[in-house]
Amino acid sequence: MAFSNGYPFTQRHCLSISQFSRPDIETLLTLGEHYLDLSVQKSGESKVLTGKTLINLFFENSTRTEKSFEVAGRRLGADVIGMAVAHSSVKKGETLLDTAATLNAMNPDMLVVRHGTSGAPALLSQKVSGSVINAGDGMHEHPTQALLDALTLRRVIGGDFGGLRIAICGDILHSRVARSNIQLLNMLGAEVHLIGPPTLIPANVDRWGTNVFHDMETGLQGCDVVMMLRLQLERMSGAFVPSKREYYHYYGLDRTKLAYASSDALVMHPGPMNRGVEISSDIADDPGISLITQQVESGIAIRMAILHALSDARDMQS
Amino acid sequence: MAFSNGYPFTQRHCLSISQFSRPDIETLLTLGEHYLDLSVQKSGESKVLTGKTLINLFFENSTRTEKSFEVAGRRLGADVIGMAVAHSSVKKGETLLDTAATLNAMNPDMLVVRHGTSGAPALLSQKVSGSVINAGDGMHEHPTQALLDALTLRRVIGGDFGGLRIAICGDILHSRVARSNIQLLNMLGAEVHLIGPPTLIPANVDRWGTNVFHDMETGLQGCDVVMMLRLQLERMSGAFVPSKREYYHYYGLDRTKLAYASSDALVMHPGPMNRGVEISSDIADDPGISLITQQVESGIAIRMAILHALSDARDMQS
Amino acid sequence: MAFSNGYPFTQRHCLSISQFSRPDIETLLTLGEHYLDLSVQKSGESKVLTGKTLINLFFENSTRTEKSFEVAGRRLGADVIGMAVAHSSVKKGETLLDTAATLNAMNPDMLVVRHGTSGAPALLSQKVSGSVINAGDGMHEHPTQALLDALTLRRVIGGDFGGLRIAICGDILHSRVARSNIQLLNMLGAEVHLIGPPTLIPANVDRWGTNVFHDMETGLQGCDVVMMLRLQLERMSGAFVPSKREYYHYYGLDRTKLAYASSDALVMHPGPMNRGVEISSDIADDPGISLITQQVESGIAIRMAILHALSDARDMQS
């Protein structure tokens, strides 16, 4: 494995896509492909985190992401300690720093953090000696989601994303998944189309070097991949979206809208899905089109890769 | 151990008592007896699930059963991942299948499922590649409870249940424990008496090949074992039971009623008990009569046996 | 390590400071110092609890203490099973004994218990065969907190506490931390000053062999260490304390009040802190004064020491 000879990965944390170089990303994806092999995942030989402690610190609920990190950490031999913190019961600002000091004194090697406030994992990373992995912060980033999406695509399409046209559809405004994916897909050479109602597209979107569309028919033209975003229930009525029904009519992915994309277009969704809101069951469950299940598999593999790479980099530096 | 030579156990899942043959049951009980030996449980030699992942997926709260599976899995060396899902927060139908797809992509070897809907574990077992163990589904079955009850009795009474008369008393209507026990005790050759008020006996009970009684005095005649069921708090007033006090008067097990059974009758309860409702403390705490603590010990041993047997069967088939 | 030759530690449980002899305490602190060395904590060599089961049974929430025991147990190789029990959902008295019987049947080697009722861990210890460690019971004791405080001081000041003057300030009345610390500091030869408003000092405090003060200026005279207690939010208004602001004015530790103590006085707090209520951020965050972060580090080390010592004592007796 290229990783073990002349490995250049020197990152201490995983906070955002923008921190990584293109070779860093290649290393992570290659290592992720290695861990997609289940016999590697389950064999005793790969216990590269034996004796290390990983703390899962989730200020927001996310069973899916939390358990993905827990399985990844355990398969690598780490002691995984879960700390689910109800968002309301922890005060912000200073108290996050007290939490950081307390955690740091427990001396974890890895700290996986989800927090409702953008930048909270970066702040924590300055206060603890272990590696911090951002598992989603506010409307900022969710880098491991973008990496798992890239790993999923690489498995199907191969390593070269040049010439690929990928649509990201739905609530771009509030989506950290979209922000991380846009950066990563740009870096890997894909062309990104953003599609959503004007109320759900950020004002400064032109800075991102993407094309923006407000209707699916135009936006999906020539797209090889369609990434649907989850519509948060609290946006479904009121200022952002008139109603579920109307949202589905204009932006929900069904066969008719999918036909605007390339004839062999693939569909992705970070889960959990709102069926009948942003995506039809018909498409979500079609194994010839939907990569949704593979995304979960890739999630564990890419998290194993990130934990492994960060731990290696840290060991080499100390 | 008979299990290791010529072992015929070929079940992929543990969904209901009816799926097992008599030799299957003998295998599980023999293996359960093996694991009742604590030195076997705690020694490193018995790590037959090392490198395997067990997910505890509980849609209903049950600390007792969940922790029993967790201890069993860990003693066998498995990575045990807990997923307590508040019943209300997960939608039914399609969404259970989405959950199944997500879990399956995490590739667990074992999935222990408790769900409020009868048949949910069976549905999941068709959608995942690992083994599904039913830890209680709706009013359907709770097979590991019946197996642990049988293991408990076998330790005290020996392997032959022929000629044994066993009473199951209380809320038969809503009890998955009763349904699993009736099937297993019938299969093992015991005679089963069901005792409860007419409102808590199912309509089709005559199909089960058991005798039904509405008063304890008649029903307990000649019984060697008295299994009391937990009365759910929500049944204690209203249509099913007039009041706690009246229920205890007619169906609560005290010394007077126990005297109707055989003179050396033993008492069981799946826990947790409502003392003074379905059973008196006097009886529950009498070590010469009550097997309630042994039932918990048997619970861990039989769950180790089931996990071991399912894993072995799967490894031989793949 | 002195522990391994001629080791006299024979305690079965850790329920209160008063149960330990002075040599017991020395053994625990020496072993705790050993485990403060992180390379010992993380190496595979120190897995003295491999194959042992530790159950964390918390009837009151305390992420900090619970996770400290979880990390300690895992670093020693134990299987750690968490049982967070909402205090309200478990009935008192008899039902605690049912819980004890159920847990005992699971055969844990160690049972770490936090409970809102004084004496609950002691009661449990009579009903289970494993070792019970009191992680805080009512207004009674929190022995591992006192031990970690002593370990923290020993690291800074050295082994001899004779001649040391230590103030414990705040809500003495409701504090199990204070009760355990007073006993341990007395045993180790320190002079203890208790400081707090008359409403928060227990009536029988003169029995404890300490000096009591109602104002910080007098109480802090000549003190080498100032231990601040957490003020429970529910005491902050009403009968005990007129208001947060007034409490801080009279008893909150700031630079002005700290100046009454010795010029190189050190500050401790068991956490989590109410900044601006019992302590100023200024002092809490000053690394030249505050030992608060070291207390958390000591917490894991001393809990490793206690688990190790109890396990060894038990193995030698059986």
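Residues numbered from 1 in each chain as written. Chains lettered and ligands numbered in written order. Predicted model: local features only at pLDDT ≥ 70, side-chain atom pairs only at ≥ 80, totals over all residues. Heavy atoms only, no water.

A few words on the pattern of salt bridges. Residue and element names in this part refer to chain A. Evaluation of the coordinates by the stated rule reveals 42 salt bridges over all chains. The salt bridge involving Glu 70 is made with Arg 74; its shortest N-O contact spans 2.8 Å. Here Glu 70 pairs with Arg 74, and both are found in helix H3 (residues 63–75), just four residues apart, close to one helical turn. Here Glu 70 and Arg 74 have matching classes, each one buried. Overlapping salt bridges bring together Arg 22, Glu 26, Glu 33 and Arg 154 as one network. (Salt bridge = Lys/Arg side-chain N within 4 Å of Asp/Glu carboxyl O. Helix = DSSP H or I, 4+ residues; strand = E, 2+ residues; numbered from the N terminus. Buried < 20%, exposed > 50% of the residue type's maximum accessible area, 1.4 Å probe, protein only.)

It is worth spelling out the sheet that holds strand S1 (residues 53–58) of chain C at this point. Spatial strand order, S2-S1-S3-S4 (chain C): four strands in an open sheet with parallel pairing. Among the strands making up the open sheet, the edge pair consists of strand S2 (79–84) and strand S4 (131–137) of chain C. Strand after strand, the sheet turns through a mean of 15° between neighbouring axes, direction not considered. As defined by bridge partners, S1(C) adjoins S2(C) across six bridges and the pair is classed as parallel. Note that in S2(C) the partner of Leu54(C) across the bridge is Val80(C). Set on the sheet, helix H3 (residues 63–75) of chain B makes contact with S1 and S2 of chain C; between it and S2(C) the angle comes to about 170°. (Pairing = 2+ DSSP bridges. Axes fitted to C-alpha atoms, helices over the stretch in contact; angles between N-to-C directions. Contact = heavy atoms within 4.5 Å.)

Now for the interface of chain C and chain B. The partner chain B presents 17 residues to the 15 residues of chain C that form the contact. Where chain C abuts chain B, roughly 1600 Å² becomes buried across the two surfaces, and 51% of that area is made up of carbon and sulfur atoms. Ranking the residues of chain C by area buried against chain B places Ile81(C), Ala105(C) and Met106(C) at the top, with a combined share of 32%. At the junction of chain C and chain B, the tally comes to one salt bridge. A salt bridge links Arg275(B) to Asp98(C); the shortest N-O distance between them is 2.3 Å. (Buried area = accessible area lost by both parts, 1.4 Å probe.)

Attention now moves to the interface of chain B and chain A. Interfaces are often described in size by the accessible area the parts lose on coming together. Contacts between the two partners involve 15 residues from chain B, matched on the other side by 17 residues from chain A. In total, chain B and chain A occlude about 1600 Å² of area from one another, counting both sides; carbon and sulfur atoms represent 51% of this. Taken together, the connections running from chain B to chain A amount to one salt bridge.

Take the pairing of strand S3 (residues 110–115) of chain B next. Residues and elements named next belong to chain B. Burial analysis of S3 places six of its six residues in the buried class, which makes it a mostly covered element. In the sheet, strand S1 (residues 53–58) pairs with S3 via five bridges, with the strands oriented parallel. Across the sheet, residue Leu 57 finds its bridge partner in S3, namely Val 113. Taken together, S3, helix H5 (residues 120–125) and strand S4 (residues 131–137) constitute a β-α-β crossover, and its handedness is right-handed. (Right-handed = clockwise from strand over helix to strand, strands pointing away.)

What follows concerns the packing of helix H1 (residues 22–36) of chain A against helix H12 (residues 292–317) of chain A. Residues and elements named next belong to chain A. Their axes nearest at 8 Å, the elements H1 and H12 cross at an angle of 125°. In terms of orientation, H1 lies oblique with respect to H12. Of the two possible hands of crossing, H1 and H12 adopt the one that is right-handed. Contacts between H1 and H12 involve Leu 28, Leu 29, Leu 31, Gly 32, Tyr 35 and Leu 36 from the former and Glu 297, Ser 298, Ala 301, Ile 302, Met 304, Ala 305, Ile 306, His 308 and Ala 309 from the latter. For the contact of H1 with H12, the residue count by class is 11 nonpolar, three polar and one charged. (Parallel < 35°, antiparallel > 145°, perpendicular 65-115°, else oblique. Left-handed = near helix turned anticlockwise from the far one by under 90°. Nonpolar A, V, L, I, M, F, W, Y, C, P; charged D, E, K, R; others polar.)

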